[in-house]
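# Coordinates in review
Listed below are the residues making up each chain.
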Amino acid sequence: MPISPSASSPCPASALTDLWLRGVAANPGAPAEVLLRLLDPAAGAARQLLCEERGLPDEVVDAVVAHPEAKVRRFLARNAHAAPAHRGRLAADPHVMVRAAVAGGPRPRPRQQRPLPDGVLLTLLTAEDSGEPELLTVNEILQELMFSRQVTASFRYRMRGHEHPTVRGLATDVWSRLTAEEQEALLNDPDPDVRASAEYRVSAADPAGKGAVFPAPGHYRWMVLNNYALSDAVLEAALADPEFRTSIAFNPYTPPHAVARLARDADPAVRECVAARADLDPAVWAELAEDPHARVRTRARVQPLPRTTAQCRAVDHEMKEDPRDWDCVCPIPEPYTEPDADWYRACAESEEVMLRLAAARCPTLPADLVARLAEDPHEEVRHRLASWHPLAPAETVLAAFVARPRQRPHLLMQSRLPRTGLSHLLDHEDPEVRALAAADPTLGRAPVGLLTDRDDRVRRAAAANPLFTGDAVEALLHDPATAEGAAANPGLPAARLHALLDLADLPR
């Protein structure tokens, strides 16, 4: 019985070589000696697939780091599968675009970025211009680094006493973490840029600073009204205009008398924003807890006083009017301020689903509460746990993968996603789910039926299943519909992989 309809009509090897190269480049069982041959320019597009789209053995990493072509080194610098320490070996690369790729982080940018090691960050932060300003300057590379989410809040805090001013100045980004003495030291720093950065943080609380005059239209106006202490005149002008009251209700520096006025605003969106504040007077909170609008009441009641700003922000993320908004694919950053562990524990045990959703986003939640949330009656709590927590049970992660297509790129990068025991998903209506199941090496028999699937991802995954062996794999290698997947089959011996590369004229 033929493996696929076209298996009985062999295709010329010359028409299959590109497919074989791509397959070998992706083959998780290919030894380093095979993969090293793919670093030759004759490998074409397979070279980028190898260096940028999969994990690599140490010997191959060594060869890529020492490769004479900058574009090959840049592939590794952008590899989301590579360990940050491996990518970091290119932080002092002679080519500016390679260094910029390390600073910018992997592409596509993962939801949960892994930070670069301290030594790598220091190399990038203390670098000097290399004489290639026509490409990128050091400052432009630093901007890439700062927006990449590879510099953690904890690193910024640890660097508060560093000898280099650029490094030391990062501590001003975590101003609220610093003690009064540490803040004072930065305000009196010998470097003018560090002092200016520290003074900028202090100016936010000064009504005579940026908020002294009503800001001009545009993003600057939004930034000032939301984030800076305002003079009495500016505050009154903003309160008089319905367009700006939500901003004032959000602003942490809005004084209590103005907060009390906003708690009685005609717009429920403004009252809801007030109900989310951490600094509410108990009487104002009690009034909002009985508000005629359901969302305002819920936002107040879900967090009785006292509560902190960090706790309020953690819950704000869950107060989405449309449940579809919960299926978030936004980045997962390390917060500069974090509620304490006891608060998250209380949230996990709460009857309020909004608090349990917040708890499910905490990656340090202990195992007993992870197990509790994995059995939560609310589906979104379970899905949130799967995306955020490193201890989420495999079955919870798999359920999220099946139910949440937008989360799949993130979940596929996780070792917690099961790759076995998936036979019940072979006939799933979604091709991404079928592809996951088609690769399962524990199916009991090779997934022959999926070799003719209408989706090429499913066909590739099925052909790469190590349950296909011997003559069956050979037939798949000579069928254009399955050749790439078959070349990625980890059951192929090294000698056969070398032979495929020989047919593509890759030098040994």
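Structure first, text after, so check above.
Residues numbered from 1 in each chain as written. Predicted model: local features only at pLDDT ≥ 70, side-chain atom pairs only at ≥ 80, totals over all residues. Heavy atoms only, no water.

Here we take up the nonpolar core. Among the nonpolar cores identified, the biggest contains 73 residues, and Leu38 and Leu145 are the most heavily contacted of them. Here this core gets 6 residues from one element, more than from any other, and that element is helix H7 (residues 96-104). Contacts of Leu145, omitting those with residues within four sequence positions, involve Ala103, Leu116, Leu121, Leu124, Leu125, Gln150 and Val151. (Core = buried A, V, L, I, M, F, W, Y, C linked by side-chain atoms within 4.5 Å. Buried < 20%, exposed > 50% of the residue type's maximum accessible area, 1.4 Å probe, protein only. Helix = DSSP H or I, 4+ residues; strand = E, 2+ residues; numbered from the N terminus. Contact = heavy atoms within 4.5 Å.)

With an omega of -10°, the peptide bond running from Arg107 to Pro108 counts as cis. Structurally, Pro108 can be placed in the loop between H7 and helix H8 (118-125). The residue after Leu305, namely Pro306, is reached through a cis peptide bond having omega -5°. With respect to the helices and strands, Pro306 occurs in the loop between helix H20 (294-301) and helix H21 (309-316). For Arg149, which is not a glycine, the phi torsion comes out positive at approximately 65°. Assignment of secondary structure puts Arg149 in the loop between helix H9 (138-147) and helix H10 (153-158). On the basis of relative accessible area, Arg149 is assigned to the partly exposed category, the value being 22%. Backbone geometry at Asp505 places phi at a positive 65°, although glycine is not the residue there. Looking at the secondary structure, you find Asp505 in the segment after helix H32 (494-503).

This part covers the layout of surface pockets. In this structure, the second largest pocket occupies an estimated 430 Å³ of space. Around the second largest pocket, the lining comprises 17 residues; the ones closest to its centre are Leu142, Thr166, Gly169, Leu170 and Asp193. Top element by residues in the lining of the second largest pocket is H9. It accounts for 5 residues. Class assignment for the residues of the lining of the second largest pocket results in 7 nonpolar, 6 polar and 4 charged. (1 Å grid on protein atoms, 1.4 Å probe; cavity = no way out; pocket = protein on both sides within 12 Å on 5 of 7 lines; lining within 4 Å. Points joined across faces, edges and corners; volume = space filled by probe spheres on them. Nonpolar A, V, L, I, M, F, W, Y, C, P; charged D, E, K, R; others polar.)

To continue, consider empty space enclosed by the protein. With the rule as written, the count across this model stands at 2 cavities of 30 Å³ or more. By volume, the second largest cavity is sized at about 40 Å³. Around the second largest cavity, the lining residues are Ala91, Arg99, Leu124, Ala127, Val138 and Ile141. Its residues placed into classes, the lining of the second largest cavity shows 5 nonpolar, no polar and 1 charged.

Turning our attention to the packing of aromatic side chains. Taken as a whole, this structure holds 3 aromatic pairs when the rule is applied. For the pair Tyr200 and Tyr228, a centre-to-centre distance of 6.3 Å together with 75° between the ring planes defines the contact as edge-to-face. On the criterion of sequence distance, the pair formed by Tyr200 in helix H13 (residues 192-203) and Tyr228 in the loop between helix H14 (219-227) and helix H15 (232-239) is long-range, its members being 28 residues apart. Overall, Tyr200 belongs to the partly exposed group, its relative accessible area being 36%. Over the aromatic face of Tyr157 sits the side chain of Arg160, whose NZ or CZ is 3.9 Å from the ring centroid. The ring centre of Phe401 lies 5.1 Å from the NZ or CZ of Arg408, which sits over that ring. (Phe/Tyr/Trp six-rings, centres within 6.5 Å; stacked < 30°, edge-to-face > 60°. Lys NZ or Arg CZ within 6 Å of the ring centre and 35° of its normal.)

Taken N-terminus to C-terminus, the directions of helix H23 (residues 353-360) and helix H25 (residues 379-388) make an angle of 15°; their axes are 8 Å apart at the nearest point. Considering their axes alone, H23 and H25 lie roughly parallel with respect to each other. Where H23 crosses over H25, the handedness of that crossing is right-handed. Here Val353, Arg356, Leu357 and Ala360 of H23 lie close against H25, whose contacting residues are Glu380, Val381, Arg384, Leu385 and Trp388. For the contact of H23 with H25, a count of residues per class yields 6 nonpolar, no polar and 3 charged. (Axes fitted to C-alpha atoms, helices over the stretch in contact; angles between N-to-C directions. Parallel < 35°, antiparallel > 145°, perpendicular 65-115°, else oblique. Left-handed = near helix turned anticlockwise from the far one by under 90°.)

Here Asp440 shows up in the loop between helix H28 (431-438) and helix H29 (456-463). Among buried Asp, Glu, Lys and Arg side chains, Asp440 stands out as unpaired, with Arg419 the closest opposite charge at 9.9 Å. At a separation of 2.6 Å, a polar atom in the side chain of Asp440 contacts the side chain of Thr442. Excluding anything up to four places from it in sequence, Asp440 contacts Arg419, Thr420, Gly421, Leu422, Ser423, Asn465 and Leu467. (Lys, Arg positive; Asp, Glu negative; His and termini not counted. Salt bridge = Lys/Arg side-chain N within 4 Å of Asp/Glu carboxyl O. Polar contact = N/O pair within 3.5 Å; in protein donor to acceptor, adjacent residues only side chain to side chain.)

At a minimum axis distance of 8 Å, the contact between helix H4 (residues 58-65) and helix H5 (residues 70-77) shows a crossing angle of 135°. What the angle tells us is that H4 and H5 run oblique. On H5, the residues that touch Val61, Val64 and Val65 of H4 are Val72, Arg73 and Leu76. Here the residues of the contact of H4 with H5 sort into 5 nonpolar, no polar and 1 charged.

With that out of the way, let us pick up the state of the cysteines. Applying the stated criterion across every chain, the model contains 0 disulfides. In this structure Cys273 is a free cysteine whose sulfur lies 11 Å from that of Cys312, the closest cysteine sulfur available. Among the cysteines around Cys362, which has no disulfide bond, Cys347 carries the closest sulfur, lying 9.3 Å off. Overall, Cys362 belongs to the buried group, its relative accessible area being 4%. (Disulfide = S-S within 2.5 Å.)

Turning our eyes to something else, we now look at the environment of Ala45. The topology assignment puts Ala45 in helix H3 (residues 45-52). Given a relative accessible area of 55%, Ala45 falls into the exposed group. Along the backbone, Ala45 and Arg111 are 66 residues apart, and their C-alpha atoms lie at a distance of 26 Å.

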